[in-house]
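# A look at the structure
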Amino acid sequence: MRVPLSWLREYVDLPATQTGRDVQAKLISAGLEVETVEQLGADLKGPLVVGQVLTIEELTEFKKPIRFCTVDVGTANGTGEPQEIVCGARNFAVGDKVVVVLPGAVLPGNFAIAARKTYGKTSHGMICSGDELGMGDDGSGGIIVLPPEVEVGSDAIELLQLVDEVLDIAVTPDRGYALSLRGVAREAAIAYGLPLSDPALLDVPAPNAFGYPVQVSDPFGCDRFTARTVTGLDPEARSPIWLQRRLQKAGMRPISLAVDITNYVMLELGQPLHAYDRTRVQGAIGVRRAEQGEKLTTLDGVKRTLDAEDLVITDDRGPIGLAGVMGGANTEIDDTEGTTTEVVIEAAHFDALSIARTARRHKLASEASKRFERGVDPQAASAAAQRTVDLLVILAGGTADAGVTEVISPSAPHTITIPANHPDKVAGVDYGRETVVRRLQQVGCDVYGQDELIVTVPSWRPDLTDPNDLAEEVIRLEGYENLPSTLPKPPAGLGLTERQRLHRRVGRVLAGAGYVEAPNYPFIGEHVFDQLALAADDPKRRVVKLVNPLSDEEPALRTTLLPGLLGALRRNDGRGSHDLALFETGLVFHPREELRVAGRLPVDRRPTDEEIASLTAALPAQPRHAAVVLTGAREQAGWWGRGRPADWADAIEAARSLAREAGTELLVRAGQYGPWHPGRCAELAVVVDGADQVIGYAGELHPGVLKTLGLPARTSAMELDLDVLEQASTGVPKGPKISAFPVATQDVALVVDRSVPHVDVEKALLQGAGELLESIRLFDVYENDEQLGEGRKSLAYALRFRAADRTLTVDEASQARDAAVALAAERTGAVLRGA
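Residues numbered from 1 in each chain as written. Predicted model: local features only at pLDDT ≥ 70, side-chain atom pairs only at ≥ 80, totals over all residues. Heavy atoms only, no water.

## Here we look at the overall build of the protein chain
- A count of helices and strands for the protein chain gives 22 helices and 42 strands.
- For the protein chain, the C-alpha radius of gyration of 39 Å lies well beyond 28 Å, the compact-globule estimate for 835 residues.
- When its C-alpha atoms are laid out on the principal axes, the protein chain stretches across 120 × 80 × 55 Å.
- Each of the 835 residues in the protein chain was classed as buried or not, and the buried ones make up 47%.
- With 87 positive and 118 negative side-chain charges, the protein chain shows a spacing of 5 Å between the two charge centroids. (Helix = DSSP H or I, 4+ residues; strand = E, 2+ residues; numbered from the N terminus. Rg over C-alpha atoms; globule rule 2.2 N^0.38 Å. Buried < 20%, exposed > 50% of the residue type's maximum accessible area, 1.4 Å probe, protein only. Lys, Arg positive; Asp, Glu negative; His and termini not counted. Charge placed at Lys NZ, Arg CZ, Asp CG, Glu CD.)

Written out as structure tokens, the structure is:
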């Protein structure tokens, strides 16, 4: 919201010494986000005067049309003689009043004006456009042509109000009242302790039976509709300079008198309005929900297909506007031909949620929808309509019709009961009852009671719904800077939980293995499950959808980390980084079987354990996962060697490293799931309470998935559930005991069927070798049907034996090896190679 300081002073008699910076500081202290203060005309220096064009000579010998003009500027040039000026614009004629800048002046952008020779003539100054004066786009696209009544030689800087300060306020969604001069002026009046001249305090005639007919079929969507009619408008009337300049300073472009007046009143009072050409409205004006598939061409020229939830304004022909968003083209006021002489003014109050959804559905954000979805004062509709009628009568010579239409759904004011000391408890400051009552009354509340206050909320503050909102009003007006800084006092000796420690160790071990952390937004679209080739009944397809998502394309919370990581990998690969290893640890979200409504936690005390547990039970299940994705070279080639590409084994090793950090054994076996290659996918499991539990998958991704997602070939990935991994954990891993005795190494090559997983063979060797086995490593896999037999493979292991109290003999190491081989033969059918 852009607020010109000169306009703000009309409603609050601010001290003359207060600058825009001073007002900014006051409003920021009151809780408004005043981002900048724009200094209009700060670098502007006159003389800048009103001139009248006397003659125009067309210079035709140049590539583009050039005009040599003489302009009467009165005595502003010191001589009274006509000023000779060269100009290329063509939107003015002899007799027009224009803005002339004379030699010696400086225009915005430090553009100094001097007499200069150009196109064979000497130009003593310049005829100005709005852009050259820093006025912005006035819609004309050329020289400023002033009304004929302005006096030649008068100061154009004052006439055009070129010097001003404009506050740019970022209005948060809960403070819709600040999208108006009335709302900002109220905050300024409170901050300075000055009275407010409320522009909404107008004498409004009572409704009667002679107004324009209105039928509201959806009182929930539209609880108030005021209609007023003005006839006898001068179709040639144009917006006065003061009105155009205020709109421009507020960031809006002047269009036509009727439209400019509705925009002006909207900025002044915060009530969006719409003006219909009465001659183009057929029958009564109605408000209803659209029929599915109805068509409407809006003022921007787009033909829109309406949804059954859209609230529309209608006449006998059908929809003539999207309620609270944008009017229709078939009732537009036509100022190009100057034929509109009768208008119907609409000032209505619409349901905020309906307007927000319609604007988002049609991707049609407007000044009106921005205000309605944040909350508009329903009591201001009549005053806004009256203000619009008054301006049309004054500026367009119209006549106000005696008919006044008001359709109102009865509603009671919102009342809140609050202990007088509730703000004290929330803030930890002793404000006292008198301060609390005074601040609430300044906001506009009616307050009654002693220890228990009964507060009636003003109609322009729909965001005040409970005692904590009222406490916030007291605290912000008393000054956030006055709140004491108090450090919380946690109970001693707790520190990080085991879950937090594991998560930190997981991040460190993956970063140490060369992975780069790539956090992603937790939002997804359900189409990603098709891209990942998940089965139709896969549990990951059950998602938690957001009521108000940031993007309609990603309305759900993620159930897997892979979409975000794979998207990051695709973007980096597309930008030239082809050797990638990324990881993320984060929450995924699963809906609960039983839906519960979350209660609101108190803010004036610590919630009880039961309240926290109730809130947690109403939230989706949120386990923490860890995932990695790899592509390109895992080890770079160079003088040290050939390097190595990343493959499925690296993804599995990442999972193993996490299991080691958790101090548990990871069971790795052949698996098949969704996006992974069916022949290069490992199922990851751990033992929890004596039973195997699958916690994730790792391996190479399916070529079809890679093609669908636009990923490099042979991309690998891993994802597992860290919370279940923690359940299987034995705690922080303990450092091994280091023996001073030498190690005995025994190599063994076993031949097994190709269908036998390496993990089964390794498990049997571990158990069979006994406690003397220190480590086991698979160092070779060999397949040759001629030498080993059809469907057979050779697995070669290096076994390291060591005793803590003695040097092992060869016989002891051999016996341990033979015991390991024997158990592997019994369980997997393995035979020693060459035996």
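That covers the picture; the talk isn't over yet.
## Here's the deal with the pattern of salt bridges
- If you walk through the whole model with that rule in mind, you get 54 salt bridges.
- Close ionic contact of Glu 478 with Arg 438 constitutes a salt bridge, the shortest N to O distance being 3.7 Å. One end of the pair, Glu 478, is in helix 12 (residues 467-478); the other, Arg 438, is in helix 11 (residues 433-443), and 40 residues separate them in sequence.
- Note that Arg 669 is salt-bridged to Glu 683, the shortest N-O span being 2.8 Å. (Salt bridge = Lys/Arg side-chain N within 4 Å of Asp/Glu carboxyl O.)

## Side note on the packing of helix 2 (residues 20-29) against helix 4 (residues 181-192)
- At a minimum axis distance of 9 Å, the contact between helix 2 and helix 4 shows a crossing angle of 90°. Classified by the angle between their axes, helix 2 and helix 4 sit roughly perpendicular to one another. Taken together, the residues of helix 4 that come into contact with helix 2 (itself represented by Asp 22, Val 23, Lys 26 and Leu 27) are Val 184, Glu 187, Ala 188, Ala 191 and Tyr 192.
- Residues belonging to the contact of helix 2 with helix 4 are distributed by class as follows: six nonpolar, no polar and three charged. (Axes fitted to C-alpha atoms, helices over the stretch in contact; angles between N-to-C directions. Parallel < 35°, antiparallel > 145°, perpendicular 65-115°, else oblique. Contact = heavy atoms within 4.5 Å. Nonpolar A, V, L, I, M, F, W, Y, C, P; charged D, E, K, R; others polar.)

## Notes on the pairing of strand 35 (residues 667-670)
- Bridge count for strand 35 against strand 36 (residues 676-688) is four bridges, and the pairing is antiparallel. Counterpart to Ala 670 in the pairing with strand 36 is Ala 682. (Pairing = 2+ DSSP bridges.)

## Some words on the sheet that holds strand 26 (residues 446-448)
- The antiparallel open sheet is built from three strands, whose spatial order is 25-27-26. Each having just a single partner strand, strand 25 (415-419) and strand 26 make up the two edges of the open sheet. Neighbouring strand axes in the sheet, compared pairwise and without regard to direction, differ in orientation by 25° on average.
- Looking at chain direction, strand 26 and strand 27 (residues 452-456) are connected through three bridges and run antiparallel. In the strand pairing of strand 27, Tyr 448 is matched with Ile 454.
- Sheet strands in contact with helix 11 are strand 26 and strand 27, and its direction is about 5° off that of strand 27.
- Against the sheet, helix 12 makes contact with strand 25 and strand 27, and its axis sits at roughly 70° relative to strand 25, the strand it touches most.

## A word on the side chain of Asp 573
- Within the element layout of this structure, Asp 573 appears in helix 15 (residues 562-574).
- Despite being buried, Asp 573 has no salt bridge partner; Arg 570 is the closest side chain of opposite charge, sitting 8.8 Å away.

## Overview of helix 4
- In a regular helix each residue adds 1.5 Å, so twelve residues correspond to 16 Å; helix 4 covers 16 Å between its end C-alpha atoms and thus fits that length.
- Taking burial as the measure, the twelve residues of helix 4 include eleven buried ones, the bulk of the element.
- Within helix 4 the residues assigned to the buried category are Leu 181, Arg 182, Gly 183, Val 184, Ala 185, Arg 186, Glu 187, Ala 188, Ala 189, Ile 190 and Tyr 192. (Expected span 1.5 Å × (residues − 1).)

Nothing here speaks to function; it is geometry throughout.
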